[in-house]
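# Chains, contacts and geometry: an overview
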Amino acid sequence: MNGEKTREFRWSFSLRTHFESCRRHYFYHRFWDQDPENKWKLLEMRNISTLVMLRGSVVHEVIAESLRAVKVGNEVSAEQAADRVTAKMRKKMRESYYKMWHISNRPPGTRQSQFTNLLEHYYGFPDTEERAREHRDIAQSCVRNLLDSDMWREIAATNHSLWQTVDDKPFFFEIGKYKTCAKLDFAHCDNEPTIIDWKTGHAGAEDRLQLVFYSLCGEHTWGWEPTKTKLMAVYLYPKLEVQLFRPSREEVEEVTQLVMESCRQMLLLEPSGNELADINRFPLTQDIWNCRWCRFQGICEGAKRLADSVEAPYGVVEDASEAYPE
Ligand code: SF4
C-alpha cells in the first residue's frame, strides 16, 4: 500500500457486521490494498456476493423501480414486477457465470463492482442453477406479496412529492465525531416521518437497532425527531408482515452509544501513520459457519478448517480462478 494515503473511515451497519462476525474478514475487507502481492485477488473477492444477497438486491431494485414508476403516475402490477425479477436474476446469473466482472471480459470503462460475482460460481458450489431458481421464486413471491398488498396501495396514495428516497442511496452523517453511512430503502414524510426497510429474509435480532440507526439518519438529514419517526421493518416472505414502532428516547441513546463504541473498537485497530495494519490483531472467527459463506475463503487460512468439518459439503478451493466452470 502507498503508506501516505489516508484511509477514510465511515461506519455502517454492514461494516459492523464484518467486524463482529470475523475480525479477519474485516481485515481483508478494509486493508485489502496494503499487500501488493494479493491486493488484486482480494479486490476480486471483496466484490463477491451470494445467491441470498443477489435475491435481496434484485427485490430491492424492483421495488425501487416500481416506486419510481408510481411516482410518475404509472401503475406496476405484481406480475410485471415478478417478470422484472426473473429478467434481472437471469442477467446477473449470466454475468457471474461468464465472469463478466473479470477485466478480460468486461467492457472498457466499466468497473468489476458493476457485475455480479457469485460466491457459488467463484468457489464451484454444486447445484447453483437449481438453487438460483429457488431464490428467484422467493424473490418473485416477495414482490408479489408487496405489490398485491394494502400497504402498497396506501404507499401509492401518499403525496409523492413528500417521498424523500425510494432506493438505497447512501446518506452520510456524523454521530459524535464519527462519520457514518446509512442506505435507506424508502422514506417519506406524508402525514408523519416514516422510514421503511424491505426485508427478504427472516426477522433478525439486529433489525430493530438498524431501524433506530436509520431514525438518526432521518434526524441528521431531514431534521426528523427520532422518537416521532415511524419505523417499519417489512418482511416480504413467506407472507407480508410489518413490524412498526417509534423508538423511545432510551433506544435512541442506546444506538447512539452502540455506534460510537463500535467506531472506537474499529479505530483502535487502525494502523498509525504510514504503518500497515497488523493481521495478527484480527483473529479468525471460531464460528466455522461464517467461513463456509465467506468471500475470502479462497485466501484465508481459517477456511482450511472447513476441510475437516461437517460444515464443509463443498470443500476448500485453493485457487479460486481455476475452480470456475468455463
Ligand atoms: S474464511 Fe473464516 S476466518 Fe477467514 S476471513 Fe472468512 S470467516 Fe474469517
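Quick look at helix α9 (residues 207-222) now. For α9, built from 16 residues, the straight-helix expectation of 22 Å at 1.5 Å per residue is met to within 8% by its first-to-last C-alpha distance of 22 Å. Looking only at α9, the buried set comprises Asp207, Leu209, Gln210, Leu211, Val212, Phe213, Tyr214, Ser215, Leu216, Cys217 and Gly218.

This brings us to the nonpolar core. By size, the foremost hydrophobic cluster in this structure holds 51 residues, and its most contacted members are Trp11, Leu184, Ile195 and Phe213. By residue number, the principal contributor to this core is α9, which donates 7 residues. Looking at which domains feed residues into this core, each of domain 1 (28-157 + 287-326) and domain 2 (159-268) supplies at least three.

A word on the packing of helix α5 (residues 78-97) against helix α7 (residues 128-147). The packing of two helices is summarised by the inter-axis angle and the distance between the axes. Running from N to C, α5 and α7 cross one another at 150 degrees; their axes reach a closest spacing of 9 Å. Judged by the inter-axis angle, α5 sits roughly antiparallel to α7. Both α5 and α7 take part in a crossing whose hand is right-handed. Listed contacts from α7 to Ala78, Glu79, Ala81, Ala82, Val85, Thr86, Met89, Met93 and Tyr97 of α5 are Thr128, Glu129, Ala132, His135, Arg136, Ala139, Gln140, Val143, Arg144 and Leu147. Across the contact of α5 with α7, the residue classes break down as 11 nonpolar, 4 polar and 4 charged.

Cut-offs and rules
- Residues numbered from 1 in each chain as written.
- Predicted model: local features only at pLDDT ≥ 70, side-chain atom pairs only at ≥ 80, totals over all residues.
- Heavy atoms only, no water.
- Helix = DSSP H or I, 4+ residues; strand = E, 2+ residues; numbered from the N terminus.
- Expected span 1.5 Å × (residues − 1).
- Buried < 20%, exposed > 50% of the residue type's maximum accessible area, 1.4 Å probe, protein only.
- Core = buried A, V, L, I, M, F, W, Y, C linked by side-chain atoms within 4.5 Å.
- Domains from an automatic or database assignment.
- Axes fitted to C-alpha atoms, helices over the stretch in contact; angles between N-to-C directions.
- Parallel < 35°, antiparallel > 145°, perpendicular 65-115°, else oblique.
- Left-handed = near helix turned anticlockwise from the far one by under 90°.
- Contact = heavy atoms within 4.5 Å.
- Nonpolar A, V, L, I, M, F, W, Y, C, P; charged D, E, K, R; others polar.

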